[in-house]
Amino acid sequence: MRRAMVAGNWKMHGTRASVCELTGALAVQDLPANVDVAVFPPSLFIGQVVEALAGKSIAIGGQNCATQVEQGALTGEIASSQLVDAGCELVLVGHSERRLILGESDQVVAQKFAAAQLAGLVPILCVGETLEQREAGETLQVIARQLAVVIRVSGVAAIAKAVVAYEPVWAIGTGLTATPEQAQEVHQAIRRQLAAEDAEVAQATRILYGGSVKAANAADLFGMPDIDGGLIGGASLNANEFGAICRAAGS
Ligand code: PEP
């Protein structure tokens, strides 16, 4: 039985004051014990969030890490070992905003995934198709390719020690959500791809859905057999909404 997970990606949002308000409101949320909850603040605020949520059952993650594990001469980047030192347990890799706006290739994403695991972080590998790719009928091929590169670099067993997040690009921050059936189709395809290499890995791997998840649509999405929780962007900036999504994942 896979444990549900809800992860909040705060993206490039927040000031010290607003982060203080958000963590204060998160700290008093009634979160279900059967769900792993995590938040991903901008790196600038990781220390502040680790301190503010100390003793709460909310893990902290980075939104990105370098392709190298150890600190060094790489201006502006953050090594996975530094995220661990700061109190992170997880890291997002391959978010579509980084793939499409910042030009991260499948190969770079795979290297970041490997660097994260080497440092002891749990990577959340984001995969997803653009609207153009969906309309061209290429969705499953695109996802399969994004996942295959990581499997080639780290091996399939590494996927069971990570989390996969299916995030259709056309649903991120647009208010358009994949229907539970559309999301399930892709989640099932991801699990089948894993099963073709290792049945146990396929059964153990958590696959989250991300793309305009809100309290109002979370239960229907999380009710699908291959959807193990959500990666939440905009709605994670509202503690009450995020708390409600976590509770939907736990019921
Ligand atoms: C995301 O950025 O990972 C995301 C899913 O965003 P949103 O929930 O705002 O669509």
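Residue positions are given per chain, counting from 1 as you read along its sequence in written order. Side-chain atom pairs in this predicted model are given and counted only at pLDDT of 80 or more, local residue features only at pLDDT of at least 70, and totals for whole chains, interfaces and linings cover all residues. As a convention, hydrogens and water are excluded, and side-chain values are obtained from all of the structure's heavy atoms.

Engineer: Can you help me understand a nonpolar patch on the surface in this one?
Structural biologist: A grouping of Leu-100, Ile-101 and Leu-102 is seen on the molecular surface, where their side chains present a nonpolar patch of about 350 Å² in accessible area. Structurally, the position occupied by Leu-100 is in helix H4 (residues 96–100). By definition, no residue in a patch forms a salt bridge, and every one has over 30% relative accessible area; like charges are joined within 9 Å, nonpolar side chains (Val, Leu, Ile, Met, Phe, Trp, Tyr) within 5 Å. We get accessible surface area from the Shrake-Rupley algorithm with a probe of 1.4 Å; when it comes to residues, only the shown protein chains can shield them. Salt bridge, as used here: a side-chain nitrogen of Lys or Arg that lies within 4 Å of a carboxyl oxygen of Asp or Glu. Each helix corresponds to a stretch of at least 4 residues labelled H or I by DSSP, and each strand to a stretch of at least 2 residues labelled E; elements are numbered beginning at the N terminus.

Engineer: When you look at unusual backbone geometry in this model, what are you seeing that I'm missing?
Structural biologist: Both trends apply: most residues other than glycine have a negative phi, and most peptide bonds are in trans. The phi dihedral of Lys-11 is positive, around 50°, even though this residue is not glycine. Its location among the elements puts Lys-11 in the loop between strand E1 (4–9) and helix H1 (16–27). With a phi angle near 55°, Ser-212 is a residue other than glycine that sits in the positive phi range.

Engineer: Is there a simple way to explain the pattern of salt bridges in this structure?
Structural biologist: If charged atoms from side chains of opposite charge come close, those side chains can pair. Per the stated rule, a full pass over the model turns up 11 salt bridges. For the salt bridge of Arg-98 with Glu-104, the shortest nitrogen-to-oxygen distance reads 2.7 Å. Glu-104 gets classed as buried once you look at its relative accessible area, which sits at 10%. With its nearest N and O atoms 2.8 Å apart, the salt bridge here joins Arg-191 to Asp-228. A residue pair is termed long-range when its members are at least 10 positions apart, and Arg-191 in helix H9 (residues 180–197) and Asp-228 in the loop between helix H11 (215–222) and strand E8 (229–232) qualify at 37 residues. The pair Arg-191 / Asp-228 is uniform in exposure class, with both members buried. Because the salt bridges share partners, they merge into one network encompassing Arg-2, Arg-191, Asp-226 and Asp-228. Any residue under 20% of the maximum accessible area for its type is buried, any over 50% is exposed, and the rest in between are partly exposed; the area is computed with a 1.4 Å probe on protein chains only.

Engineer: I tried to follow the nonpolar core on my own but got confused; where do I start?
Structural biologist: Generally speaking, soluble globular proteins have nonpolar side chains that are buried together. Nonpolar cores are built from buried Ala, Val, Leu, Ile, Met, Phe, Trp, Tyr and Cys residues. Side-chain atoms within 4.5 Å join them into one set. Core analysis: the biggest nonpolar cluster contains 64 residues, and Val-6, Leu-26, Val-39, Ile-159, Ile-190, Tyr-209 and Phe-222 have the highest contact counts within it. With 6 residues, helix H12 (residues 239–250) is the single largest residue contributor to this core. Here, residues are in contact when the closest pair of their heavy atoms is within 4.5 Å. In this structure Phe-222 touches Val-6, Val-213, Ile-227, Gly-229, Gly-230, Ile-245, Ala-248 and Ala-249, once residues within four positions along its chain are discounted. Ala-7, Phe-40, Ile-124 and Leu-231 belong to the second largest nonpolar core, which has 13 residues in total.

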